[in-house]
Amino acid sequence: MVRFRIILLFLTLMATVSTAALRSRTGSGMRKTAMLQRNLKRVTFGIVLPYSTFRQRKYNSTVLATLGTYYKARPQHSLTKKYNISYSIAMVGRKPSPTQILNNLCRVFIASNVSAILFLTNYEAYGRETASAQYFLQLAGYLGIPVIAWNADNSGLERRGSQLSLQLQLAPSLEHQTAAMLSILERYKWHQFSVVTSQIAGHDDFIQAVRERMMQVQPHFKLSVISTLVLSNVSDLSQLANTETRIILLYSTREEAREILAEATRLKLTGTSYLWLATQSVVSNTMEAPREFPVGMLGVHFPTNDEHLLAELSKAVRVFLQGLEQFSQDEGSEIVLSPHLSCEGRGEARWRNGDKFFRYLRNISVAGDHQPTIEFNQDGRLKATELTIVNLRPGHGTAANSPVWEQIGVWKSWEKEGLDIKDIVWPGNTHSPPQGVPEKFHLRITFLEEPPYINLSPPDPVTGKCALNKGVFCRHASESGLKGVDIPTVHRNGSFYQCCSGFCIDLLEKFADDLGFTYDLFRVEDGKWGAQTNGRWNGLVAALINHQADMVITSLKINFERSQAIDFSLPFLDTGIAIVVAKRTGIISPTAFLEPFDSAMWMLVALVAVHVAAFTIFFFEWLSPYGYDAKMTTPREHRFSLCRTLWLVWAVLFQAAVNVDCPRGYTARCMANVWAMFALIFLAIYTANLAAFMITREEFHDLTGINDTKLSNPHSLKPSFRFGTIPHGNTDAVLRRNFPTMHSYMRPFNRSTVMQGVQAVKEGKLDAFIYDATVLEYLVGQDSECVLLTVGSWFAMTGYGVGFPRHSKFRDLVNQQLMEYRENGDMERLRHFWFTGACNKPMSKEKQSRSDPLALEQFFSTFLLLGSGILLSCILLLLEHAYCKCHRPFNKLLQVEEQPSRQAAVVRGCCSLLSRSAGRTLGPAAPPPRERKSLLLTRCHAPGCDELLGRLEAALGAAQRRVAELEADLQLHASAAMCQVHGPRLSRSASRPRSKSLAWSWSNAAVHSRRMFRKEVAEIETVL
């Protein structure tokens, strides 16, 4: 013991002496160089290396050799002409204290004004022992000094550094290791795996790196993580025993991996079917593995021995020199690369040029011999690196009791197919890779058909197979019904087997492919969905409770009662309770011809526009000198009045082909043209909009939802409102629980299947049918007649789920797949395929070539308008007769011995302005026509005599009618003239003789005129 202490003391003394001598030689060499190159700026870089008494000389020789090689290779850009380059080396132990770290940083590097620090260690400490390296790198970052690092245990430092960190990492990172591991999974088509980590530093970064790499490869290779375990105790590993995991990624220290794999062996997670894939932290630098490691493991590895450390030291020096050269070329030698920092607070707290110099270091590109070019990402990691793939094999020779790691391939990140593996010993010492998934297992699955989730169709009677798009075989008969039946030919019999297709069948096929199981699919025997009857479950729920089936996959709704009896997966579709009704073809509204305009518009046109236009036209005509010239008498041969103006306005408005009297005044005619333009625009708008209202309208029961009064109080309608659902289902249970009165009323109207209910609605046997919303939406979309539609809001929102017996181990597997299908869009694609439909009514070629004939419903309102017009005309006829009977007594008051009085003249003149017909009726009654013999009674024997007599008689009749018209006009003009000329004088002095003489002369002239006309008529009759 004493001898051992003496030897140890001697070695320590020799190391101290050699270190002092080396520093003395180095210092003297640097002073000589400074004397020779007094005009050059000094640049110093620091180097941190693992403590080794016997390798210090190799460190110096490696640095000097790299400097010399670089100067010789680039003489035209020789840095010796610009800078006096020197370096300082500090060696640290495996676990330096914070005081030692501060001393090296302050007394060695800051005192030497280093421009960068090369930090290289091959201590694979990991865990908490990386805290010292983390502390040193963070301090350098705070001071603004760039760091070029190569540390094997960098995984815990990659993303934990400060945002001020100025670090370049030459060692392969966790991202590179996870990329290599997932490339192995991709090569052997292992799509699902689990991740197991300890509390090692950087375990969160490892999990994140796995997820990021999965997103990168997801477009061409689908990967899914079954479970992620961060072990605080090895007993937590039991969670993997209940999963379908067969491929496991392990990230921990070597010692932690021994405990984890020992527990995995105990839990039988290291058999032939299981593959463990480890990181560099598990493999370590020692190729001999602990006995607890199972043979067949795979790992990613990069060398960390002393020889490789020296190679990385040379690489780090080249990176520094390349960055310094690029900096000097761009910035020149004016910028000082000496930080002038101080630990005592006398200098700057942070080097202001450190960030700029770091960017030059990060942007360099150093070509290597037989290695990828050294380039860095924005976060300071290598863009390209190389890792070796190792395989754990049984030991040989002296290491026969311990397995050993052997290199079996290489992974190169810069190549597209960068993985090269061969000669692997797989778990269980076999030569075939594991499948990566559990062995095939068999499930019994029951269902109940309901489109579009499960559709039934008979198989091909000849081949006995289902068509490619008709799904899979499903047993339709009971299991007892197959006894004694010829199995090879039973598939051709549609009463035993049917072809099942639909949304749930496609989903089941995906489950079977991804989870690796086979199944028997059969219809539930009692054909019920599952409800409690007298305290016992029936249908699909009973099949799971009685263990007659391992799974139920159909449109099975999740509700509270069922969840108490069975387990459900996550909902794969959302649904609720909806109502379907049928559209009915109604008749056109009786007021359809009025609907192009609203009531206000019609009132504005009929009562305002028409009358304003009529009064305006007549007023302009009354004022016009070519019209009335503001007089109360009607000009001769001018047949125009206010009523005729209204007739003109209405005729122009409706473009009626009738005789109208036009005004003479140009102003009135201009106003009439303006009204014609208004009528043209009005009719164009009316006609364009009328077609939309003259079509048959479709009517339906527009229910607001389950709470609609038609459902809660169906007897309020006459006849009562009829609706139903399917008994023993979720909809029936919800209605029974929430609306007991409604449930009892609808019981006689229930149907056994949804198709029967929908058909009853189409045939008018039911007014509405209540059921699952998604099913009804599908049936509405597939209706060929387009008469169905869903109304109201959904009620009792829930979802469809896959049913399992209580505590089934398959539930978690299905949930995992459902979440994956939602994320990658498979569920949405299935829904879009099966639920998209258009109700296209089939049409024959004859119907496609011509339009449907118009029926009475399209013109009912027009016939109604015609009938209303006839009724109104009858009323006007009665009023006309009443007027004729009532105006004669009034007319007698205005006449004295058939001679017009001044009151009669005033009244007749004013009425003629309103209506010429009204003015005529107030005149004296025309004498009855004299009886005359028909000329045709006198027969002549000359040829053509009868024809000539007929013509003469027609001419006589026309002449007599003309005489009557002239007499009436003369009477009207005489009345108006008397009212205008002699009326005022007569009113002032009614008893004067002159006035009496004028009145007599006017009357005598009128009588004489009538006698002359009558004489002319008599002469014509005599000639005839």
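My aim in this report is to walk through the structure given alongside it, one point at a time. Not measured: the values here are computed from a predicted model. Numbering of residues starts from 1 in each chain and follows the order in which that chain's sequence is written. Local features in this predicted model are restricted to residues whose pLDDT is 70 or higher, and side-chain atom pairs enter the listing and the counts only when it is 80 or higher, whereas totals over whole chains, interfaces and linings include all residues. Only hydrogens and water are removed before side-chain values are computed, so all heavy atoms of the structure are retained for them.

On to the overall build of the protein, then. A helix here means a DSSP run of H or I that spans at least four residues, while a strand means a run of E at least two residues long, and both kinds are numbered starting from the N terminus. Scanning the protein from N- to C-terminus turns up 30 helices and 33 strands. Areas reported here follow the Shrake-Rupley algorithm with a probe of radius 1.4 Å; residue values treat only the protein chains shown as occluding. Here the protein has roughly 54800 Å² of accessible surface; of this, 56% comes from carbon and sulfur atoms.

Another point: a negative patch on the surface. Side chains of Glu479, Asp520, Glu525 and Asp526 sit close together on the surface and give a patch of like negative charge. Throughout this description, buried means an accessible area under 20% of the type-specific maximum (1.4 Å probe, protein chains only), exposed means over 50%, and partly exposed covers the range between. Under the relative-accessibility criterion, aspartate 526 is labelled partly exposed at 40%. Any residue with relative accessible area above 30% and no salt bridge may belong to a patch, with like charges joined within 9 Å and the nonpolar Val, Leu, Ile, Met, Phe, Trp and Tyr side chains within 5 Å. The term salt bridge refers to a pairing of a side-chain nitrogen on Lys or Arg with a carboxyl oxygen on Asp or Glu at a separation within 4 Å. The sign given to each residue is positive for Lys and Arg and negative for Asp and Glu; His and the chain ends receive no count. In this description, the location of a charge corresponds to atom NZ of lysine, CZ of arginine, CG of aspartate or CD of glutamate.

Quick look at the pairing of strand 29 (residues 768-772) now. Most of strand 29 sits inside the fold, with 5 of its 5 residues counted as buried. Judged from the 4 bridges that link them, strand 25 (residues 573-582) and strand 29 form a sheet pairing that is antiparallel. Following the sheet pairing, valine 580 is matched in strand 29 by phenylalanine 769. Paired strands are those between which DSSP finds at least two bridges. Judged from the 2 bridges that link them, strand 28 (residues 723-724) and strand 29 form a sheet pairing that is parallel.

When two cysteine sulfur atoms are found within 2.5 Å, that pair is recorded as a disulfide. What the rule picks out here adds up to 2 disulfides. Across the disulfide from cysteine 466 sits cysteine 499; the S-S distance is 1.9 Å. In this structure, the disulfide formed by cysteine 466 and cysteine 499 twists by about -95° around the S-S bond and is classed as left-handed. Of this pair, cysteine 466 sits in the loop between strand 17 (455-457) and strand 18 (472-475) while cysteine 499 sits in strand 19 (residues 497-501), and the two are 33 residues apart along the sequence. The disulfide partner of cysteine 474 is cysteine 500, and the gap between their sulfur atoms is 1.9 Å. The disulfide joining cysteine 474 to cysteine 500 has a torsion of about 85° about its S-S bond and is therefore right-handed. Of the two residues, cysteine 474 sits in strand 18 while cysteine 500 sits in strand 19, which places them 26 residues apart along the sequence.

Where nonpolar side chains cluster on the molecular surface, the patch consists of Met603, Leu604, Leu607, Val608 and Val612 and spans about 450 Å² of accessible area. Its location among the elements puts leucine 604 in helix 15 (residues 599-623).

A separate point is helix 7 (residues 254-266). Here, expected helix span is obtained from the residue count minus one, scaled by 1.5 Å. Taking 1.5 Å per residue as the helical rise, helix 7 with its 13 residues ought to reach 18 Å, and the 19 Å between its terminal C-alpha atoms agrees with that figure. What helix 7 keeps buried is the set Arg254, Ala257, Ile260, Leu261, Glu263 and Ala264. By definition, residues are in contact when any of their heavy atoms lie within 4.5 Å. Tucked inside the fold, the buried residues of helix 7 contact strand 6 (192-197), strand 8 (247-251), strand 9 (275-278) and helix 8 (280-283). Directly beyond the C-terminal end of helix 7, a positive phi value near 60° is found at lysine 268.

Looking now at the sheet that holds strand 4 (residues 147-151). Read across the open sheet, the 5 strands follow the order 2-1-3-4-5; overall the sheet is parallel. Every interior strand has two partners, whereas the edge strands, strand 2 (83-92) and strand 5 (167-169), have only one. Across the sheet, the mean angle separating the axes of adjacent strands is 20° when strand polarity is ignored. Here strand 1 (residues 41-50) runs beside strand 3 (residues 114-121); their pairing, made up of 5 bridges, is parallel. In the sheet register, valine 48 faces strand 3, and the bridge partner there is phenylalanine 119. The strands touched by helix 2 (residues 56-73) are strand 1 and strand 2; relative to strand 2, the strand with the most contacts, the crossing angle is about 155°. Only the stretch in contact is used when a helix axis is fitted, and all axes are lines through C-alpha atoms; the angle between N-to-C directions ranges over 0 to 180 degrees. Sheet strands in contact with helix 10 (residues 354-362) are strand 3, strand 4 and strand 5, and its direction is about 15° off that of strand 5.

Here the focus is the sheet that holds strand 29. The strands making up a sheet associate through backbone hydrogen bonding, with each pair oriented either parallel or antiparallel. What the 4 strands build is an open sheet, ordered 28-29-25-30; its pairing is mixed. Looking at strand neighbours, the two that pair on one side only are strand 28 and strand 30 (788-800), the edges of this open sheet. Strands strand 25, strand 29 and strand 30 of the sheet are contacted by helix 21 (residues 754-763), whose axis makes an angle of about 155° with strand 29.

The nonpolar core is taken to be a set of buried Ala, Val, Leu, Ile, Met, Phe, Trp, Tyr and Cys residues, with the residues joined through side-chain atoms within 4.5 Å. Among the nonpolar cores identified, the biggest contains 70 residues, and Phe503, Phe517, Leu521 and Phe572 are the most heavily contacted of them. Broken down by element, this core gets its largest block of residues, 8 residues, from helix 12 (residues 503-515). Membership of the second largest hydrophobic core comes to 43 residues, among which are Leu49, Ile85, Leu120 and Trp150.

Inspection of the secondary structure puts glutamine 280 in helix 8. The class of glutamine 280 is buried, set by a relative accessible area of 1%.

Glancing now at the pattern of salt bridges. Taken as a whole, this structure holds 23 salt bridges when the rule is applied. A salt bridge links glutamate 263 to arginine 266; the nearest nitrogen and oxygen atoms lie 2.4 Å apart. Placement of both glutamate 263 and arginine 266 in helix 7 is noted, with a separation of 3 residues, approximately one turn of the helix. Classification of glutamate 263 by relative accessible area gives buried; the value is 13%. Aspartate 732 is the partner of arginine 736 in a salt bridge, and the nearest nitrogen-oxygen pair spans 3.1 Å. Pair noted here: arginine 736 and aspartate 732 are both in helix 19 (residues 730-738), with a separation of 4 residues, about one helical turn. Overall, the relative accessible area of 40% leaves arginine 736 in the partly exposed class.

What follows covers the side chain of glutamate 244. Along the chain, the position of glutamate 244 falls in the loop between strand 7 (224-230) and strand 8. Not counting the four nearest positions on each side in its chain, glutamate 244 is found in contact with Gln192, Ile226, Pro438 and Leu813.

Along the chain, proline 451 connects to proline 452 via a cis peptide bond; the corresponding omega equals 0°. Tracing the backbone shows proline 452 in the loop between strand 16 (441-447) and strand 17. Proline 719 follows lysine 718 through a cis peptide bond whose omega is 0°. With respect to the helices and strands, the residue proline 719 is situated in the loop between helix 18 (709-712) and strand 28. With a phi angle near 65°, serine 284 is a residue other than glycine that sits in the positive phi range. Positionally, serine 284 belongs in the loop between helix 8 and strand 10 (298-301). Its relative accessible area of 14% is what places serine 284 among the buried residues. Positioned with a positive phi, histidine 807 is a non-glycine residue whose angle comes to about 60°. Mapped onto the fold, histidine 807 is located in the loop between strand 31 (803-804) and helix 23 (810-824). By relative accessible area, histidine 807 is classed as exposed at 75%.

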